[in-house]
Amino acid sequence: MLGVIASALGGPEVLQVTELPDPVAQPGQVVVRVRAVCVHPADVAATTGQIPRGPVQPPFLPGWDIAGEVASVGADTTDFQVGDRVVGMIPWYLTRGAPGGYAELVAADADWLVPLPDELDFAHAATVPLNAQTAHQGLGLLASSMLSAGSRILVTGASGGVGGFAAQLATQGGYRVLAQASDGDEEWVRDLGVHEVVPRSADLANVGPVPAVFDAVPLGEAVAAAVENRGVVVCTRPTPPIDPARGVRQDLQLIRLERTLLAELVAQVAAGKLRTRVAATLPLAEAADAHRRVLAGGLRGKIVLTPG
């Protein structure tokens, strides 16, 4: 099979298309014929060595989220059969690239996967696992601060994958959502059902004070001016501490795989209750170009690689 490995730590140029042995499904596993793999900022961070728990030593395969079809089934695996459509998340924080999703075939634990409804195509399905679970789990951290129904929540980066899901799920949860949109992308964010759209150029000091911020970008210091004293900020990467005298709780949301939750979120997207979008699809062999586009920013949706 073909795969894309990070041959060294560095920029997009370190990604190399190479032939790899076809994986074999072990007990409790299936081999997935990958039809779509989402490209995340986390993939870029992995290739540059800027990830939690320290850099992974090359060579390794990037890639968290895959969608495809079951090609073979290992012993003691009863959840899936050959030909089943599946979507799932490789827990890269555990596998550290062995395996990763940038490949034509992936040997995946059955527990990493859920059925993919026919109503949802492979490319859009691949944008769901990491983004939607991170959003849901981060909102759970906000809710643990005893927010009341109708509380105002600021979501940064609502034009992006995590922020877009966070804005929708917070609205579903009964919060009044102020969603920050990229310049020129206000209409899409407004159509997510949020209560107020905040332009990217806005001074967040004029938005607050709000009791809670989901800092999906994250912006870090910029959101400190928006959160009220004794409020809570959840971010997706470490950010500078806010003045302790203000009593603001800062929580870091790191993804964890929850299979039941993933199945629920995929079902909502398939039913049109949650929205996601794909900016572009590229062949697997153009993974380096995909990373360049992520680094350039300004995407409206996710980049998805489509193995042959």
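Scroll up for the structure.
Residues numbered from 1 in each chain as written. Predicted model: local features only at pLDDT ≥ 70, side-chain atom pairs only at ≥ 80, totals over all residues. Heavy atoms only, no water.

I keep staring at the pattern of salt bridges and nothing clicks. Help me out?
Any two side chains of opposite charge can pair, so long as their charged atoms come close to each other. For the structure on display, the rule yields nine salt bridges. A salt bridge links Arg85 to Asp118; its shortest N-O distance comes to 3.4 Å. A residue pair is termed long-range when its members are at least 10 positions apart, and Arg85 in strand β5 (residues 85-89) and Asp118 in the loop between β7 (113-115) and α3 (122-125) qualify at 33 residues. Overlapping salt bridges, with partners in common, bring together Asp79, Asp111 and Arg259 in one network. (Salt bridge = Lys/Arg side-chain N within 4 Å of Asp/Glu carboxyl O. Helix = DSSP H or I, 4+ residues; strand = E, 2+ residues; numbered from the N terminus.)

What is the right way to look at the nonpolar core in this model?
Proteins that are soluble and globular tend to have nonpolar side chains buried together. Among the nonpolar cores identified, the biggest contains 48 residues, and Leu116, Leu142, Val177, Val189, Val194, Phe214 and Val266 are the most heavily contacted of them. In this structure, Val194 is in contact with Ala167, Thr171, Val177, Ala179 and Val189, ignoring residues within four places of it in sequence. Residues Val30, Leu61, Ile255 and Leu282 belong to the second largest nonpolar core, which totals 44 residues. (Core = buried A, V, L, I, M, F, W, Y, C linked by side-chain atoms within 4.5 Å. Buried < 20%, exposed > 50% of the residue type's maximum accessible area, 1.4 Å probe, protein only. Contact = heavy atoms within 4.5 Å.)

I keep staring at the sheet that holds strand β11 (residues 210-215) and nothing clicks. Help me out?
Note: strands within a sheet are paired through backbone hydrogen bonds, in either parallel or antiparallel orientation. The strand order β10-β9-β8-β11-β12-β13 describes an open sheet built from six strands, whose pairing is parallel. Looking at the sheet topology across the chains shown, the edges are occupied by β10 (196-199) and β13 (249-252). Pairwise comparison of adjacent strand axes, ignoring direction, gives a mean angle of 20 degrees for this sheet. Here five bridges tie β11 to strand β12 (residues 227-235), and the two strands are oriented parallel to one another. For Val213, the partnering residue across the bridge sits in β12 and is Val233. Docked against the sheet, helix α4 (residues 129-143) engages β8 (152-156), β11, β12 and β13, running at close to 155 degrees with respect to β11. (Pairing = 2+ DSSP bridges. Axes fitted to C-alpha atoms, helices over the stretch in contact; angles between N-to-C directions.)

Treat this as a map of the structure, not an account of what it does.
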